[in-house]
Amino acid sequence: MSTAWKNWHLSKEGTVEPEVNGLDRLFSGTNAKKILDIGCGAGRHVVYFARKGFEVYGFDGDEETLERAKKLLENENLRADLRVWDMTKQLPYRDAFFDAVLAVRVIHHTRLSNITAIMNEINRLLKTDGFLFLQVPSYESETFDSGTIWAEPGTLIARGGSEKGVPHHFFRKDELLGFFSSYTVIELHSKSDHYVGYCLIAQKGKR
Ligand SMILES: C[S@@+](CC[C@H](N)C(=O)[O-])C[C@H]1O[C@@H](n2cnc3c(N)ncnc32)[C@H](O)[C@@H]1O
């Protein structure tokens, strides 16, 4: 596991993103049952929704971090379908299987061609009227140093440090919204925590 992620998971254990409490209220006003957490890491949101009685699915590319998620579920006698999977591959679930998809600070860790494929996968997996909760870094709010190496427009590959070799795509607002032109935006705001990013809550379908 990347040291950066390991430290990050440790620092976030037992917390949830503040918006998640609002999602819980949003979901409970509907028949939402099945939730997928893409890049669920050590499972903080998986545990949260499992506690509330949702049917939770999650995957992460890192086996060790998923083991922690499994342990946390086991401690509370909770269940979730967790698997090791790479988000850049076709996702192992049926079309329109989920009522909600979460992807918190994960989708930006690849190149744009993969991001486009992941967004298409999210769209395939979500039911009409299903909910999406995304957090990604924003291009507009970031300051990039002059020595920065861009792998492609908007995507940096860290040249050193604990995230060496890991891509980071920084989203422009219009770029992010462009992926979800057939969705209803419920909320879009910037937030600053670790990096400045966009937080998008949307519902599949226009209304
Ligand atoms: C910053 S953490 C966020 C974890 C979790 N979403 C949360 O909010 O606690 C990023 C996660 O993305 C996962 N990840 C990075 N690249 C991935 C990939 N290609 N496929 C699946 N997971 C990936 C990492 O293993 C890590 O757990």
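These lines cover the structure that appears in this document, whether it is placed above or below. Computed from a predicted structure; not experimentally measured.

Close contacts around the ligand come from 17 residues, with G39, R44, D60, M87 and V104 the closest. The side chain of D60 places a nitrogen or oxygen atom 2.6 Å from an oxygen atom of the ligand. The contact in question runs from a nitrogen atom of the ligand to an N or O atom on the backbone of M87, over 2.9 Å. Alone, the ligand offers 600 Å² of accessible surface; in the complex the protein occludes 93% of this. Sorting the residues of the shell around the ligand by element identifies α1 (3–12) and α3 (44–51) as the ones contributing at least two each. Tallying contributions element by element places α1 first for the shell around the ligand, with three residues. Partitioned by chemical class, the residues of the shell around the ligand number seven nonpolar, five polar and five charged.

Note that E64 resides in helix α4 (residues 63–75). Once the C-alpha coordinates of E64 and G41 are considered, the two residues, 23 residues apart in sequence, prove to be 9.2 Å apart.

On to unusual backbone geometry. In this structure, R105 takes a positive phi of about 60 degrees despite not being glycine. Mapped onto the elements, R105 comes out in the loop between β4 (98–104) and α5 (112–125). Of note, the phi angle at D129 is positive, near 80 degrees, even though the residue is not glycine. Along the chain, D129 turns up in strand β5 (residues 126–137).

Okay, the environment of D60 next. Residue placement: D60 occurs in strand β2 (residues 55–60). Separated by 98 residues in the primary sequence, D60 and A158 have C-alpha atoms spaced 21 Å apart. With sequence-adjacent residues up to four places away left out, D60 is seen in contact with G39, C40, G41, T65, L66, R83, V84 and W85. There is a polar contact of 2.8 Å between the side chain of D60 and the backbone nitrogen of G41.

Another point: the packing of aromatic side chains. Across all of its chains, the model carries 13 aromatic pairs by this definition. Aromatic pair Y139 and W150: ring centres 6.1 Å apart, planes at 45 degrees, arrangement tilted. Remark: W150 occurs in strand β6 (residues 150–152) and Y139 occurs in the loop between β5 and β6; sequence separation between them is 11 residues. Of the residues examined, Y139 reaches a relative accessible area of 25% and is grouped as partly exposed. The class for W150 is partly exposed, based on a relative accessible area of 33%. Through a chain of ring-to-ring contacts, the aromatic side chains of F27, Y48, F49, F54 and F131 assemble into a single cluster. The residue whose ring lies beneath K34 is F97, and the NZ or CZ to ring-centre distance is 4.8 Å. Taking the ring centre of Y139 as reference, the NZ or CZ of R172 above it sits at 3.9 Å.

Once that is clear, we can look at helix α2 (residues 18–28). Of the residues making up α2, those classed as buried are E19, V20, L23, D24 and F27. For α2, the buried positions fall inside an angular range of 155 degrees around the axis, keeping them on one side. Exposed side of α2, more than 90 degrees from the buried face: P18, R25 and S28 are the residues found there. Packing partners of the buried residues in α2 comprise β1 (34–38), α3, β4, β5, β9 (183–193) and β10 (195–204).

Each value, and the rule that gives it
Residues numbered from 1 in each chain as written. Predicted model: local features only at pLDDT ≥ 70, side-chain atom pairs only at ≥ 80, totals over all residues. Heavy atoms only, no water. Near = heavy atom within 4 Å. Polar contact = N/O pair within 3.5 Å; in protein donor to acceptor, adjacent residues only side chain to side chain. Areas by Shrake-Rupley, 256 points an atom, 1.4 Å probe, with all protein chains shown as cover. Helix = DSSP H or I, 4+ residues; strand = E, 2+ residues; numbered from the N terminus. Nonpolar A, V, L, I, M, F, W, Y, C, P; charged D, E, K, R; others polar. Contact = heavy atoms within 4.5 Å. Phe/Tyr/Trp six-rings, centres within 6.5 Å; stacked < 30°, edge-to-face > 60°. Buried < 20%, exposed > 50% of the residue type's maximum accessible area, 1.4 Å probe, protein only. Lys NZ or Arg CZ within 6 Å of the ring centre and 35° of its normal. Arc of directions from axis to C-beta.

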